[in-house]
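This is what each chain is made of:
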Protein chains: 2
Amino acid sequence: MGNQRSERVFSMPTRKLESVVSLRDIRVACKACSLKEICLPVGIDRDDLERLDSIIDRKHPLARGEHLFRVGDRFQSIYAVRSGSLKTYSTSEGGHEQVMGFQLPGELVGLDAISENQHPLAAKALETTSVCEIPFTDLESLSSQISGLQHQLLRVMSQEIRDDEQNMVILGQKSAEQRLAAFLISISNRFRRRGFSATQFNLSMSRSDIGNYLGLALETVSRLFTRFQNDGLLRVDRKHIELLDREKLCAYSGAHCSEQQPPQESSGQ
Amino acid sequence: MGNQRSERVFSMPTRKLESVVSLRDIRVACKACSLKEICLPVGIDRDDLERLDSIIDRKHPLARGEHLFRVGDRFQSIYAVRSGSLKTYSTSEGGHEQVMGFQLPGELVGLDAISENQHPLAAKALETTSVCEIPFTDLESLSSQISGLQHQLLRVMSQEIRDDEQNMVILGQKSAEQRLAAFLISISNRFRRRGFSATQFNLSMSRSDIGNYLGLALETVSRLFTRFQNDGLLRVDRKHIELLDREKLCAYSGAHCSEQQPPQESSGQ
DNA sequence: TGGCCGCATTGACGCAGATCAAATGTCTAT
DNA sequence: ATAGACATTTGATCTGCGTCAATGCGGCCA
C-alpha cells in the first residue's frame, strides 16, 4: 500500500490562508468547499465546521485504477469524494467481481466497514479522483460533541440504507430496460444535485461495470443503449451521454421518479 | 385496524419488580432481556443500560398481519423486535409489493427512515410479535452522552448496509438455487445467534414472501424446496424446515459461508 | 503513423426461470 | 364440522436475457 506522496510537504499544520484555494485544489477547507451543502458538513455551523475540518485529511489524488482501500483492509477512516469518482466492489471466491456502487463528489465511502472494523468492499478510482479522509475515531468523538454532526452522520447512513433498498427493488423485480433507465435517471439526478448538467454527462465506468452493477450482461447494456438511442431517449457516444427525453426515460424505468420536487419542508419536528 | 388490547391494563407505569418477569414477557427491562447481547445494548455498562431502558417503550404485541408502521408514516422511533417477526416492504405504484427484509428478535427496524423523517417501507407482523419502541430523539441525545451507545448504533447501521450489500450480490448474480440456499443459511445463522435451533425452525413468511424477497416467482421457490428435499439437503413440511446437510446447502449457495468461525482476530494493520 | 489491445457493438442461439393453468392441501369463521 | 378463501405444489409452455462468437472502433505507445 506504500503510496507515493508529493505535495504533502506543502501542507503545514498551521495554515492561515483560509479562503484561498491552494495548490491544485488540494486543501480546500470544508467551509470553502463547493460540496459542503451535500456532504458531511450539512447542518453544521461555522465554528463546528472548523473543528470538523481540523480532523479531515486531504489526500493527493488517486490515479485511475488506483485503490483507495481493498477488501479486508483495516477500517480506520471513512472518505468523502471531492472530485472524480469511485466504484466499490467485492470479489467472490471464484474471482468474480460484483460492483456495489459508484461514488460521486460529495458522497461518502466506507460506512459499511464500521461494524466489523474492516472493509467488506474495495474502492477503486474510475478516473483521477481526490478524496477527503476522515479518521473514524475522531469523527465519532466529535459527533458526540456536535449534535448536528451526529445527526448528519446518521442521516447519511440512513440514506445509504435507503439507497441500497432501492437497488434491491431494481435488482429484484425490474426488467433490463427498467434497470438501465433507472440507473441513468439516478446518475442524472446526482449530477444535478452537484451542480453539473443533468442532461449531458460522461459515464466514468465501463459498460461492464454498469452491467455488473445492474445485474445484467454487458452485451445487454450495450444493446439497450442503442435501443434507447433509436427510441429517441438519448444520444450515446462512447462514454458521453445526452438525455433527450427525460420524461420517456422515466416511463421506461417504471417508477414515478419526479425527483425534481423542491426540498419539501416535511411538517414540523 | 382497530386492534384488540388486553394486558395493557396490567402494565402500570410505576413498576418495582425489576428482575421479575412480568405478565407474558411484557415489560422485561433491557438488563433482563435475553436479547441484550445482540440488540442495541451491546457494549453498554450497567448504569448506562438503565438510562437506555428508561427511554424505551414496550408496546403490547402486534397480531399477525398488523402494521407497525406504513409507508410515509412520520418517523419518530426505531423499533427492536422482542419476539415474533416482521417483514418490511414497499409497494410500487402498480400496487406491486417488494419485500425488503425480515426482522427477527433482537433486530432493529426503521433505520432507513432517519434521513427523510418518514418511513420508506411498511413493517408488518408475520406472526404475533412484540417490539420495543425507541424514540429517536431520545436515542440521539442519549447517544451523544453514552459513547458506547453511539458506537453501537453506528455499528448496527453499518451492519445493515453490509447486509443490504450482501443481498445485492445475491439478487445481482446468484441463480435461483443459490439464492434460496443462501437465504436458508442466513435464517439458520440468525436463529442460532438468538439461541434457537439452527437446524430446525419455522419460517413465519409465505413462499410468496420468500420469492418476492429473493427476486423469484413463488412457484420457483416451491419447486426448489422439493428439489432440496429430494437432494437430501433438508426436510420441509409446510412452514417447518429441518436442515439435514448444512455443508451441502452451503455448497449450493455458492459461497464459503463458514459463518461458524469464532470472532477471528484478523492479523494486525 | 501504424499496429495493438481493450472496450463496445451486433448477431445467433439456448436455457433458467417467469408465467399460465389446474389440482390439492390447509386455515378461518360460522 | 363445513364452506370458502387462500397457500402450496406440480405440470406445460414461453421468453428475456445470458452466453458464445465475430467484428468494429478508438486510444495509446513505439
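Residues numbered from 1 in each chain as written. Chains lettered and ligands numbered in written order. Predicted model: local features only at pLDDT ≥ 70, side-chain atom pairs only at ≥ 80, totals over all residues. Heavy atoms only, no water.

Engineer: Just give me the short version of the overall build of chain A, but keep the residues and values in it.
Structural biologist: From N to C terminus, chain A includes 7 helices and 11 strands. Residues classed as buried in chain A amount to 51% of the 269 residues present. The contacts in chain A between residues at least 6 apart in sequence include a share of 71% that link residues at least 24 apart. (Helix = DSSP H or I, 4+ residues; strand = E, 2+ residues; numbered from the N terminus. Buried < 20%, exposed > 50% of the residue type's maximum accessible area, 1.4 Å probe, protein only. Contact = heavy atoms within 4.5 Å.)

Engineer: An account of the nonpolar core is needed here, citing residue identities and associated values.
Structural biologist: Ranked by size, the top nonpolar core spans 74 residues in total, and within it A:Leu180, A:Phe183, B:Leu180 and B:Phe183 carry the most contacts. Those residues in contact with A:Leu180 that lie beyond four places of it in its chain are A:Ile210, A:Leu214, A:Val221, A:Leu224, A:Phe225 and A:Phe228. Core analysis: the next-biggest nonpolar cluster, separate from the first, contains 58 residues, A:Ile38, A:Cys39, A:Leu40 and A:Leu52 among them. (Core = buried A, V, L, I, M, F, W, Y, C linked by side-chain atoms within 4.5 Å.)

Engineer: So what about the packing of aromatic side chains? Which residues, and what values?
Structural biologist: Considering all chains together, one arrives at 16 aromatic pairs over all chains under this definition. For the ring pair B:Phe191 and B:Phe196, a centre distance of 5.9 Å and an interplane angle of 80 degrees mean the geometry is edge-to-face. Assessed through its relative accessible area of 44%, B:Phe196 is described here as partly exposed. One aromatic cluster is present, built from ring pairs that chain together A:Phe102, A:Phe183 and A:Tyr213. A cation sits over an aromatic face here: A:Lys87 above A:Tyr89, 5.1 Å from the ring centre. (Phe/Tyr/Trp six-rings, centres within 6.5 Å; stacked < 30°, edge-to-face > 60°. Lys NZ or Arg CZ within 6 Å of the ring centre and 35° of its normal.)

Engineer: Summarise the interface of chain B and chain A; cite the residues concerned and give the values.
Structural biologist: Contact with chain B, which involves 49 residues of that partner, is made by 48 residues of chain A. Taken together, both faces of the contact between chain B and chain A bury some 4,500 Å²; the carbon and sulfur share is 54%. Summed over the shared surface of chain B and chain A, the result is 0 salt bridges. One can count 20 residue pairs in polar contact (both at pLDDT 80 or more) joining chain B with chain A. Elements that contribute at least two residues to the side of chain B that touches chain A include exactly strand S5 (97–103), helix H2 (136–145), helix H3 (147–173) and helix H5 (207–214) of chain B. The element best represented in the side of chain B that touches chain A is H3(B), accounting for 19 residues. Classifying every residue of the side of chain B that touches chain A gives 16 nonpolar, 22 polar and 11 charged. (Buried area = accessible area lost by both parts, 1.4 Å probe. Salt bridge = Lys/Arg side-chain N within 4 Å of Asp/Glu carboxyl O. Polar contact = N/O pair within 3.5 Å; in protein donor to acceptor, adjacent residues only side chain to side chain. Nonpolar A, V, L, I, M, F, W, Y, C, P; charged D, E, K, R; others polar.)

Engineer: Kindly report on the protein's contact with DNA strand D, identifying the contributing residues and their values.
Structural biologist: In the vicinity of DNA strand D, 17 residues are found, and the nearest of them are A:Ala176, A:Thr220, B:Ser222, B:Arg223 and B:Thr226. Interatomic distance of 3.0 Å between a side-chain N/O atom of A:Glu219 and a base nitrogen of DNA strand D. Taking B:Thr226, its side chain carries an N or O atom lying 3.5 Å from a phosphate oxygen of DNA strand D. Taken together, the elements giving at least two residues each to the surface near DNA strand D come down to helix H6 (218–230) of chain A together with H5 and helix H6 (218–230) of chain B. No other element matches H6(B), which puts 4 residues into the surface near DNA strand D. (Near = heavy atom within 4 Å.)

Engineer: Tell me about the sheet that holds strand S4 (residues 86–91) of chain A, and name the residues and values.
Structural biologist: The sheet built from 4 strands is open, its strands ordered S2-S7-S4-S5 (chain A) with antiparallel pairing. The open sheet is flanked by strand S2 (67–69) and strand S5 (97–103) of chain A, the only strands paired with a single partner. Ignoring strand direction, the axes of neighbouring strands in this sheet form an average angle of 30 degrees. With respect to the sheet, helix H5 (residues 207–214) of chain A is in contact with S4 and S5 of chain A, its orientation differing from that of S5(A) by roughly 100 degrees. Against the sheet, H3(B) contacts S4 and S5 of chain A, and its axis sits at roughly 125 degrees relative to S5(A). (Pairing = 2+ DSSP bridges. Axes fitted to C-alpha atoms, helices over the stretch in contact; angles between N-to-C directions.)

Engineer: Give me the lowdown on the pattern of salt bridges, citing residues and values where you can.
Structural biologist: This model, assessed by the stated rule, comprises 20 salt bridges over all chains. As a salt-bridge pair, B:Arg51 and B:Asp48 come within 3.7 Å of each other at their nearest N and O atoms. Here the residue B:Arg51 and the residue B:Asp48 both occupy positions in helix H1 (residues 46–55), the gap between them amounting to 3 residues, near one helical turn. Assessed through its relative accessible area of 18%, B:Asp48 is described here as buried. Between B:Arg58 and B:Asp53 there is a salt bridge, with its nearest N and O atoms 2.9 Å apart. Summarising the burial analysis for this pair, B:Arg58 and B:Asp53 share the class buried. Within this structure, A:Lys87, A:Glu97 and A:Asp209 form a network of salt bridges that share partners.

Engineer: Hey, could you go over the environment of B:Thr129 for me, with residue numbers and the actual values?
Structural biologist: All names here are of chain B. Within the secondary structure layout, Thr129 lies in the loop between strand S7 (122–125) and strand S8 (130–135). Judged by its relative accessible area of 1%, Thr129 is buried. On a C-alpha basis, the gap between Thr129 and Leu35 in space is 15 Å, while along the polypeptide they are 94 residues apart. If we ignore the near neighbours within four places in the chain, the residues touching Thr129 are Pro61, Leu62, Val81, Ser83, Gly84, Ser85 and Leu86. At 3.0 Å, the side chain of Thr129 and the backbone oxygen of Ser85 are in polar contact.

Engineer: Describe helix H4 (residues 176–193) of chain A, naming the residues involved and giving the relevant values.
Structural biologist: Residues and elements named next belong to chain A. Helix length check: H4 (18 residues) gives 26 Å between terminal C-alpha atoms against 26 Å at 1.5 Å per residue, within 8%. Along H4, the residues classified as buried are Arg179, Leu180, Ala181, Ala182, Phe183, Leu184, Ile185, Ile187, Ser188, Asn189, Arg190 and Phe191. After H4 finishes, the residue Gly195 shows a positive phi value of roughly 90 degrees. (Expected span 1.5 Å × (residues − 1).)

Engineer: Lay out the domain arrangement of chain A in plain terms, naming residues and giving numbers.
Structural biologist: Residue and element names in this part refer to chain A. In terms of domain boundaries, chain A breaks down into domain 1 (58–137) and domain 2 (174–253). Centre-to-centre, using C-alpha coordinates, domain 1 lies 23 Å away from domain 2. The interface is formed by 15 residues belonging to domain 1 together with 10 residues belonging to domain 2. A buried area of about 1,100 Å², summed over both sides, lies between domain 1 and domain 2, and 53% of it is on carbon and sulfur atoms. Of all residues in domain 1, Val99, Phe102 and Leu104 give up the largest surface area on contact with domain 2, accounting jointly for 49% of the area buried on that side. Taken together, the connections running from domain 1 to domain 2 amount to 3 salt bridges. The salt bridge involving Arg194 is made with Glu107; its shortest N-O contact spans 3.4 Å. Along the contact surface separating domain 1 from domain 2 lie 8 residue pairs in polar contact (both at pLDDT 80 or more). At 7 residues, S5 tops the list of elements feeding residues into the side of domain 1 that touches domain 2. Residues that form the side of domain 1 that touches domain 2 fall into these classes: 6 nonpolar, 5 polar and 4 charged. (Domains from an automatic or database assignment.)

Engineer: Before we move on, can you summarise the protein's contact with DNA strand C with the specific residues and values?
Structural biologist: If you check the shell around DNA strand C, you find 17 residues, and the closest are A:Ser222, A:Arg223, A:Thr226, B:Ala176 and B:Thr220. Sugar plus phosphate: this is where 62% of the atoms of DNA strand C within 4 Å of the protein reside. At 2.8 Å from a phosphate oxygen of DNA strand C is found a side-chain nitrogen or oxygen belonging to A:Arg207. Note that a phosphate oxygen of DNA strand C is positioned 2.7 Å from one of the backbone N or O atoms of B:Ala176. Of all elements in the fold, only H6 of chain A together with H6 of chain B reach the threshold of two or more residues within the surface near DNA strand C. Broken down by element, the surface near DNA strand C gets its largest block of residues, 4 residues, from H6(A). Looking at side-chain class alone, the surface near DNA strand C contains 3 nonpolar, 6 polar and 8 charged residues.

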